[in-house]
Amino acid sequence: MIKATLPIATAMTMLLSTATIAQDVVIGVPNWASAAATANILKIAIEDNLGLEVALQNGTNPIIFEAMDTGSMHVHPEVWMPNQQNLYDTFVTERGSVAMNPNTVLSDQNICVTRATQERTGIVALSDLTDPIMSANFDTDGDSMGEMWIGGAGWASTNVEKIRAQSYGYAETMQMMEMDEALAMAQVDAAISQDKNIVFYCYTPHHMFSLYDLVKLTEPTFDAAQWNVVQPTDDPNWLEVSTAPTAWDATRLHVFYSVALADTQPLAATMLANVSFDTEQVNGMVYALSVEGKDPAEFAREWVDANGSLVDAWFK
(Lines give C-alpha, C1' and ligand atoms only; values in the text may rest on other atoms or scores of the structure.)
Protein backbone atom coordinates (compact mmCIF):
# COMPACT_ATOMS: atom_id res chain seq x y z
CA MET A 1 0.00 0.00 0.00
CA ILE A 2 1.39 3.42 -0.95
CA LYS A 3 1.30 5.86 1.93
CA ALA A 4 -0.12 9.29 1.28
CA THR A 5 3.18 10.86 2.29
CA LEU A 6 5.14 9.03 -0.42
CA PRO A 7 6.51 11.43 -3.07
CA ILE A 8 4.49 11.35 -6.27
CA ALA A 9 7.48 10.39 -8.43
CA THR A 10 8.31 7.47 -6.11
CA ALA A 11 4.72 6.27 -6.10
CA MET A 12 4.58 6.40 -9.88
CA THR A 13 7.85 4.49 -10.12
CA MET A 14 6.48 1.71 -7.93
CA LEU A 15 3.37 1.45 -10.10
CA LEU A 16 5.40 1.45 -13.31
CA SER A 17 7.73 -1.28 -12.09
CA THR A 18 4.94 -3.87 -11.95
CA ALA A 19 3.84 -3.06 -15.50
CA THR A 20 7.27 -3.23 -17.12
CA ILE A 21 9.13 -5.80 -15.05
CA ALA A 22 9.06 -8.38 -17.87
CA GLN A 23 10.97 -6.10 -20.22
CA ASP A 24 14.75 -6.20 -20.57
CA VAL A 25 14.97 -2.44 -21.13
CA VAL A 26 12.39 0.27 -20.41
CA ILE A 27 12.77 3.63 -22.12
CA GLY A 28 10.99 6.69 -20.75
CA VAL A 29 9.18 8.95 -23.19
CA PRO A 30 8.69 12.63 -22.23
CA ASN A 31 6.00 14.67 -23.98
CA TRP A 32 7.82 16.32 -26.89
CA ALA A 33 8.43 15.21 -30.46
CA SER A 34 12.20 14.78 -30.58
CA ALA A 35 12.18 12.72 -27.38
CA ALA A 36 9.46 10.44 -28.79
CA ALA A 37 11.44 9.96 -31.99
CA THR A 38 14.69 9.25 -30.16
CA ALA A 39 13.01 6.83 -27.74
CA ASN A 40 11.57 4.81 -30.62
CA ILE A 41 14.89 4.84 -32.49
CA LEU A 42 16.71 3.50 -29.42
CA LYS A 43 14.02 0.84 -28.94
CA ILE A 44 14.31 -0.47 -32.50
CA ALA A 45 18.11 -0.31 -32.49
CA ILE A 46 18.37 -2.33 -29.28
CA GLU A 47 15.78 -4.88 -30.39
CA ASP A 48 17.38 -5.33 -33.82
CA ASN A 49 20.95 -5.63 -32.63
CA LEU A 50 20.66 -7.27 -29.21
CA GLY A 51 17.38 -9.19 -29.45
CA LEU A 52 16.12 -7.72 -26.19
CA GLU A 53 12.56 -6.87 -25.25
CA VAL A 54 12.22 -3.10 -25.00
CA ALA A 55 9.23 -1.22 -23.63
CA LEU A 56 8.33 2.46 -23.91
CA GLN A 57 6.77 4.21 -20.92
CA ASN A 58 5.46 7.77 -20.86
CA GLY A 59 6.70 9.93 -18.01
CA THR A 60 7.79 13.39 -16.93
CA ASN A 61 11.45 14.20 -16.34
CA PRO A 62 11.33 13.72 -12.53
CA ILE A 63 9.41 10.44 -12.84
CA ILE A 64 11.85 9.02 -15.41
CA PHE A 65 14.87 9.96 -13.30
CA GLU A 66 13.31 8.48 -10.17
CA ALA A 67 12.51 5.32 -12.14
CA MET A 68 16.08 5.07 -13.47
CA ASP A 69 17.26 5.39 -9.88
CA THR A 70 15.10 2.46 -8.73
CA GLY A 71 15.49 0.36 -11.89
CA SER A 72 11.89 0.39 -13.13
CA MET A 73 13.04 2.44 -16.14
CA HIS A 74 16.46 2.45 -17.71
CA VAL A 75 16.72 5.26 -20.26
CA HIS A 76 15.83 8.91 -20.69
CA PRO A 77 16.21 9.58 -24.43
CA GLU A 78 16.68 13.36 -24.34
CA VAL A 79 17.65 15.33 -21.27
CA TRP A 80 18.02 19.08 -21.72
CA MET A 81 20.90 20.57 -19.77
CA PRO A 82 21.08 22.86 -17.86
CA ASN A 83 17.26 22.65 -17.61
CA GLN A 84 17.50 19.42 -15.62
CA GLN A 85 20.54 20.39 -13.55
CA ASN A 86 18.73 19.63 -10.31
CA LEU A 87 17.98 16.06 -11.45
CA TYR A 88 21.57 15.66 -12.65
CA ASP A 89 22.86 16.82 -9.27
CA THR A 90 20.63 14.37 -7.40
CA PHE A 91 20.84 11.20 -9.48
CA VAL A 92 24.20 11.50 -11.27
CA THR A 93 26.36 13.39 -8.78
CA GLU A 94 24.86 12.52 -5.39
CA ARG A 95 23.38 9.05 -5.83
CA GLY A 96 25.49 7.85 -8.74
CA SER A 97 22.57 5.78 -10.02
CA VAL A 98 22.24 7.47 -13.41
CA ALA A 99 24.87 8.09 -16.10
CA MET A 100 25.02 10.72 -18.83
CA ASN A 101 26.09 9.92 -22.37
CA PRO A 102 28.80 12.54 -23.12
CA ASN A 103 27.72 13.03 -26.74
CA THR A 104 25.57 16.10 -27.13
CA VAL A 105 23.20 17.91 -29.48
CA LEU A 106 23.63 21.67 -29.20
CA SER A 107 20.52 23.77 -28.74
CA ASP A 108 19.41 27.24 -27.70
CA GLN A 109 16.39 28.70 -25.94
CA ASN A 110 14.90 32.14 -26.46
CA ILE A 111 11.73 34.20 -26.61
CA CYS A 112 10.65 34.89 -30.20
CA VAL A 113 8.24 37.01 -32.18
CA THR A 114 7.34 36.76 -35.84
CA ARG A 115 9.13 39.26 -38.05
CA ALA A 116 5.78 40.84 -38.90
CA THR A 117 5.14 41.29 -35.17
CA GLN A 118 8.46 43.08 -34.77
CA GLU A 119 7.71 45.35 -37.73
CA ARG A 120 4.29 46.28 -36.36
CA THR A 121 5.31 46.80 -32.71
CA GLY A 122 8.99 47.75 -32.84
CA ILE A 123 9.86 45.19 -30.16
CA VAL A 124 13.56 44.30 -30.09
CA ALA A 125 14.53 43.26 -26.56
CA LEU A 126 12.85 40.89 -24.13
CA SER A 127 12.89 43.67 -21.55
CA ASP A 128 10.61 45.71 -23.85
CA LEU A 129 7.74 43.58 -22.53
CA THR A 130 8.00 45.31 -19.16
CA ASP A 131 6.47 48.40 -20.79
CA PRO A 132 2.66 48.22 -20.48
CA ILE A 133 2.32 50.04 -23.79
CA MET A 134 4.39 47.32 -25.52
CA SER A 135 2.75 44.42 -23.69
CA ALA A 136 -0.69 45.72 -24.76
CA ASN A 137 0.24 44.69 -28.30
CA PHE A 138 -0.06 41.08 -27.14
CA ASP A 139 -3.35 41.40 -25.24
CA THR A 140 -5.90 39.10 -26.88
CA ASP A 141 -8.60 39.03 -24.18
CA GLY A 142 -8.91 42.69 -23.22
CA ASP A 143 -7.60 42.39 -19.66
CA SER A 144 -4.77 44.90 -20.25
CA MET A 145 -2.10 42.21 -20.00
CA GLY A 146 -0.37 40.50 -22.89
CA GLU A 147 -0.15 36.74 -23.26
CA MET A 148 2.86 34.60 -24.12
CA TRP A 149 3.35 30.85 -24.36
CA ILE A 150 6.26 29.77 -22.15
CA GLY A 151 6.16 25.99 -22.70
CA GLY A 152 4.32 22.83 -21.78
CA ALA A 153 3.17 21.92 -18.29
CA GLY A 154 5.84 19.92 -16.50
CA TRP A 155 8.75 21.18 -18.59
CA ALA A 156 11.68 22.41 -16.50
CA SER A 157 12.13 25.20 -19.04
CA THR A 158 8.57 26.37 -18.34
CA ASN A 159 9.47 26.92 -14.70
CA VAL A 160 12.65 28.73 -15.73
CA GLU A 161 10.63 31.01 -18.00
CA LYS A 162 8.43 31.93 -15.03
CA ILE A 163 11.59 32.81 -13.12
CA ARG A 164 12.88 34.86 -16.05
CA ALA A 165 9.57 36.74 -16.32
CA GLN A 166 9.79 37.62 -12.65
CA SER A 167 13.47 38.60 -12.88
CA TYR A 168 13.03 40.83 -15.93
CA GLY A 169 9.76 42.27 -14.61
CA TYR A 170 7.35 41.37 -17.40
CA ALA A 171 5.49 39.01 -15.08
CA GLU A 172 3.66 42.24 -14.12
CA THR A 173 2.58 42.98 -17.68
CA MET A 174 2.29 39.55 -19.35
CA GLN A 175 0.35 36.38 -18.56
CA MET A 176 2.45 33.22 -18.80
CA MET A 177 0.56 30.58 -20.80
CA GLU A 178 1.27 26.86 -20.34
CA MET A 179 -0.19 24.48 -22.90
CA ASP A 180 0.57 21.56 -25.17
CA GLU A 181 3.12 22.54 -27.80
CA ALA A 182 0.87 21.53 -30.69
CA LEU A 183 -1.78 23.99 -29.48
CA ALA A 184 0.86 26.70 -29.07
CA MET A 185 2.13 26.20 -32.62
CA ALA A 186 -1.48 26.33 -33.86
CA GLN A 187 -1.75 29.74 -32.20
CA VAL A 188 1.38 30.87 -34.06
CA ASP A 189 -0.18 29.66 -37.33
CA ALA A 190 -3.37 31.56 -36.58
CA ALA A 191 -1.55 34.74 -35.61
CA ILE A 192 0.45 34.71 -38.83
CA SER A 193 -2.57 34.04 -41.04
CA GLN A 194 -4.58 36.79 -39.31
CA ASP A 195 -1.75 39.37 -39.17
CA LYS A 196 -1.79 39.42 -35.37
CA ASN A 197 1.07 39.89 -32.92
CA ILE A 198 2.48 36.97 -30.98
CA VAL A 199 5.40 36.35 -28.61
CA PHE A 200 6.41 32.91 -27.35
CA TYR A 201 9.11 30.56 -26.08
CA CYS A 202 11.23 29.21 -28.93
CA TYR A 203 14.06 26.72 -29.08
CA THR A 204 16.19 24.60 -31.36
CA PRO A 205 16.20 21.91 -32.60
CA HIS A 206 12.65 22.61 -33.77
CA HIS A 207 10.65 22.82 -36.96
CA MET A 208 9.26 26.26 -36.09
CA PHE A 209 12.34 27.93 -37.58
CA SER A 210 11.73 26.11 -40.86
CA LEU A 211 8.08 27.13 -41.02
CA TYR A 212 8.08 30.70 -39.74
CA ASP A 213 10.15 33.87 -40.14
CA LEU A 214 11.07 34.37 -36.47
CA VAL A 215 13.09 36.95 -34.59
CA LYS A 216 14.77 36.15 -31.27
CA LEU A 217 14.38 38.97 -28.77
CA THR A 218 17.71 40.31 -27.56
CA GLU A 219 18.91 39.81 -23.97
CA PRO A 220 21.99 40.38 -21.85
CA THR A 221 24.52 37.59 -22.32
CA PHE A 222 24.19 34.63 -19.97
CA ASP A 223 25.76 35.33 -16.59
CA ALA A 224 26.10 32.34 -14.29
CA ALA A 225 26.58 34.64 -11.31
CA GLN A 226 23.07 36.02 -11.81
CA TRP A 227 21.34 32.69 -12.43
CA ASN A 228 19.98 30.97 -9.34
CA VAL A 229 17.34 28.57 -10.65
CA VAL A 230 15.51 26.35 -8.18
CA GLN A 231 12.88 23.88 -9.36
CA PRO A 232 9.57 23.16 -7.54
CA THR A 233 10.76 19.64 -6.69
CA ASP A 234 13.56 21.16 -4.61
CA ASP A 235 11.89 24.02 -2.75
CA PRO A 236 8.22 24.96 -2.32
CA ASN A 237 9.30 28.61 -2.48
CA TRP A 238 11.25 28.04 -5.69
CA LEU A 239 9.90 31.08 -7.52
CA GLU A 240 10.59 33.47 -4.68
CA VAL A 241 14.21 32.33 -4.19
CA SER A 242 15.15 32.08 -7.89
CA THR A 243 16.65 34.65 -10.25
CA ALA A 244 17.49 34.53 -13.97
CA PRO A 245 17.75 38.04 -15.44
CA THR A 246 19.91 37.18 -18.47
CA ALA A 247 19.78 34.97 -21.54
CA TRP A 248 19.87 31.20 -21.25
CA ASP A 249 23.21 29.41 -21.18
CA ALA A 250 24.07 27.23 -24.18
CA THR A 251 21.80 24.18 -24.07
CA ARG A 252 22.91 20.57 -24.56
CA LEU A 253 20.80 17.46 -25.19
CA HIS A 254 22.01 14.11 -23.83
CA VAL A 255 20.87 10.51 -23.46
CA PHE A 256 20.85 9.41 -19.81
CA TYR A 257 20.63 5.81 -18.58
CA SER A 258 20.57 3.73 -15.40
CA VAL A 259 23.99 2.73 -14.09
CA ALA A 260 22.50 -0.64 -13.03
CA LEU A 261 21.98 -1.50 -16.69
CA ALA A 262 25.73 -2.23 -16.91
CA ASP A 263 25.09 -5.29 -14.74
CA THR A 264 21.72 -6.44 -16.09
CA GLN A 265 22.19 -5.63 -19.80
CA PRO A 266 25.84 -4.61 -20.33
CA LEU A 267 25.66 -4.55 -24.14
CA ALA A 268 22.70 -2.19 -24.00
CA ALA A 269 24.54 0.02 -21.50
CA THR A 270 27.57 0.17 -23.79
CA MET A 271 25.37 1.12 -26.73
CA LEU A 272 23.64 3.86 -24.73
CA ALA A 273 27.02 5.30 -23.81
CA ASN A 274 27.91 5.51 -27.53
CA VAL A 275 24.68 6.87 -29.05
CA SER A 276 25.08 10.15 -30.88
CA PHE A 277 22.88 12.43 -32.95
CA ASP A 278 23.52 15.82 -34.51
CA THR A 279 21.33 18.91 -34.62
CA GLU A 280 20.30 18.38 -38.24
CA GLN A 281 19.13 14.84 -37.49
CA VAL A 282 17.07 15.98 -34.51
CA ASN A 283 15.56 18.81 -36.55
CA GLY A 284 14.51 16.20 -39.10
CA MET A 285 12.89 14.09 -36.38
CA VAL A 286 10.85 17.02 -35.09
CA TYR A 287 9.78 18.02 -38.60
CA ALA A 288 8.71 14.46 -39.47
CA LEU A 289 6.57 14.04 -36.36
CA SER A 290 5.24 17.58 -35.88
CA VAL A 291 4.77 18.79 -39.46
CA GLU A 292 4.42 15.65 -41.55
CA GLY A 293 2.46 13.89 -38.81
CA LYS A 294 4.41 10.64 -38.98
CA ASP A 295 3.87 7.97 -36.34
CA PRO A 296 6.94 7.86 -34.04
CA ALA A 297 7.36 4.08 -34.35
CA GLU A 298 7.00 4.08 -38.14
CA PHE A 299 9.39 7.02 -38.47
CA ALA A 300 11.93 5.31 -36.20
CA ARG A 301 11.82 2.15 -38.32
CA GLU A 302 12.52 4.19 -41.43
CA TRP A 303 15.26 6.17 -39.71
CA VAL A 304 17.10 3.11 -38.39
CA ASP A 305 16.94 1.43 -41.80
CA ALA A 306 18.28 4.57 -43.50
CA ASN A 307 21.10 5.12 -40.97
CA GLY A 308 22.46 1.60 -40.63
CA SER A 309 26.14 2.55 -40.49
CA LEU A 310 25.57 5.09 -37.73
CA VAL A 311 23.47 2.68 -35.69
CA ASP A 312 26.05 -0.10 -36.13
CA ALA A 313 28.72 2.24 -34.75
CA TRP A 314 26.76 2.61 -31.51
CA PHE A 315 27.29 -1.08 -30.77
CA LYS A 316 31.07 -1.14 -31.35
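Please read all numbers here as calculations on a predicted model, not as lab measurements. (Residues numbered from 1 in each chain as written. Predicted model: local features only at pLDDT ≥ 70, side-chain atom pairs only at ≥ 80, totals over all residues. Heavy atoms only, no water.)

Quick notes on the overall build of the protein
Spelled out, the test is: For helices the rule is a DSSP run of H or I covering at least 4 residues; for strands it is a run of E covering at least 2, with both sets numbered from the N terminus onward. Computation of the radius of gyration draws on C-alpha atoms, with the globule rule given as 2.2 Å multiplied by the number of residues to the power 0.38. Note on exposure labels: buried denotes an accessible area under 20% of the residue type's maximum, exposed denotes more than 50%, and partly exposed covers the range between, all computed with a 1.4 Å probe on protein chains only. Surface accessibility follows the Shrake-Rupley procedure with a 1.4 Å probe radius. Residue values consider only the protein chains on display as shielding. Counted as positive: Lys and Arg. Counted as negative: Asp and Glu. His and the chain ends are not counted at all. Here the site of a charge means atom NZ of a Lys, CZ of an Arg, CG of an Asp or CD of a Glu.
What the protein contains, in helices and strands, is 15 helices and 10 strands. Relative to the compact-globule value of 20 Å for 316 residues, the protein shows a C-alpha radius of gyration of 20 Å, a close match. In terms of overall dimensions, the protein has C-alpha extents of about 60 × 45 × 35 Å along its principal axes. Within the protein, buried positions represent 49% of all 316 residues. Per element, the accessible surface of the protein, about 14,000 Å² overall, is 53% carbon and sulfur. For the protein, the distance from the average position of its 13 positive side-chain charges to the average position of its 40 negative side-chain charges is 3 Å.

Some points on empty space enclosed by the protein
Which parts of space are left empty comes out when a probe the size of a water molecule is rolled across the atoms. Heads up, the rule is: Only protein atoms enter the 1 Å grid, on which a cavity is a set of points fitting a 1.4 Å probe that cannot get out and a pocket is an open set with protein on both sides within 12 Å along at least 5 of 7 lines, lining residues being those with an atom within 4 Å of a point. Grid points are joined across faces, edges and corners, and a volume is the space filled by probe spheres set on the points.
With the rule as written, the count across this model stands at two cavities of 30 Å³ or more. Here the largest cavity is characterised by a volume of approximately 130 Å³. What lines the largest cavity is W32, N61, W80, N83, Q84, W155, A156, S157, Y201 and Y203. Looking at the lining of the largest cavity, the elements that each hand over two or more residues are α7 (156-168) and β8 (199-204). Of the pockets and cavities examined, the second largest cavity occupies roughly 110 Å³. For the second largest cavity, the lining is made up of 13 residues, of which V105, L253, H254, V255 and F277 are closest to its centre. Listing elements by their share of the lining of the second largest cavity, those giving two or more residues are β3 (75-81) and β10 (251-258). Among the elements that make up the lining of the second largest cavity, the one with the highest residue count is β10 (three residues).

Observations concerning the layout of surface pockets
Basically, it comes down to this: Amino acids outside the nonpolar list (Ala, Val, Leu, Ile, Met, Phe, Trp, Tyr, Cys, Pro) and the charged list (Asp, Glu, Lys, Arg) are all regarded as polar, and Gly is one of them.
A volume near 380 Å³ is recorded for the largest pocket. Taken together, 20 residues line the largest pocket, and the ones lying closest to its centre are T140, E147, Q187, N197 and I198. Of all elements in the fold, only β6 (146-151), α8 (181-193) and β8 reach the threshold of two or more residues within the lining of the largest pocket. Element by element, the count of residues in the lining of the largest pocket is highest for α8, at five residues. Considered class by class, the residues forming the lining of the largest pocket number 12 nonpolar, five polar and three charged.

Some words on the environment of E178
Note the cut-off: We call two residues contacting when some pair of their heavy atoms lies within 4.5 Å. Within 3.5 Å is the distance limit for a polar contact, defined as a pair of N or O atoms, with the added protein rule that one can donate a hydrogen and the other accept it, and that residues adjacent in sequence qualify only through two side-chain atoms.
Structurally, E178 is set in strand β7 (residues 174-178). With relative accessibility at 36%, the residue E178 sits in the partly exposed group. Apart from the residues within four sequence positions on either side, E178 is in contact with I150, G151, G152, A153, T158 and K162. Here the side chain of E178 touches K162 through a polar contact of 2.6 Å, side chain to side chain.

Topic: the environment of E172
Take E172: it is sitting in the loop between α7 and β7. Take E172: its relative accessible area is 65%, and that puts it in the exposed class. Considered as a pair, E172 and Y212 are 40 residues apart in the sequence and their alpha carbons are 28 Å apart.

Side note on the pattern of salt bridges
Where we set the bar: Salt-bridge detection follows one rule: a side-chain nitrogen of Lys or Arg within 4 Å of a carboxyl oxygen of Asp or Glu.
Taken as a whole and judged by the stated rule, the model has 11 salt bridges. A salt bridge links R164 to E161, with the shortest nitrogen-to-oxygen separation between them at 3.1 Å. In this pair, R164 and E161 are both assigned in helix α7, three residues apart and thus about one turn of the helix distant. Just as R164 is buried, E161 falls in that class too. Here D305 ties to R301 by a salt bridge, and the two come within 3.0 Å at their closest N and O atoms. You can see D305 and its partner R301 sitting in helix α14 (residues 296-306), four residues apart, about one turn around the helix. Connected through shared salt-bridge partners, D48, R301 and D305 make up one network.

Some details on the confidence of the model for the protein
Threshold: What pLDDT reports is the predictor's confidence in each residue, on a scale of 0 through 100.
On average, residues of the protein carry a pLDDT of 92, and 93% of them reach 70 or more. In the model, residues 1-20 has pLDDT below 50 throughout and makes 21 contacts with residues more than four positions away in sequence or in other chains.

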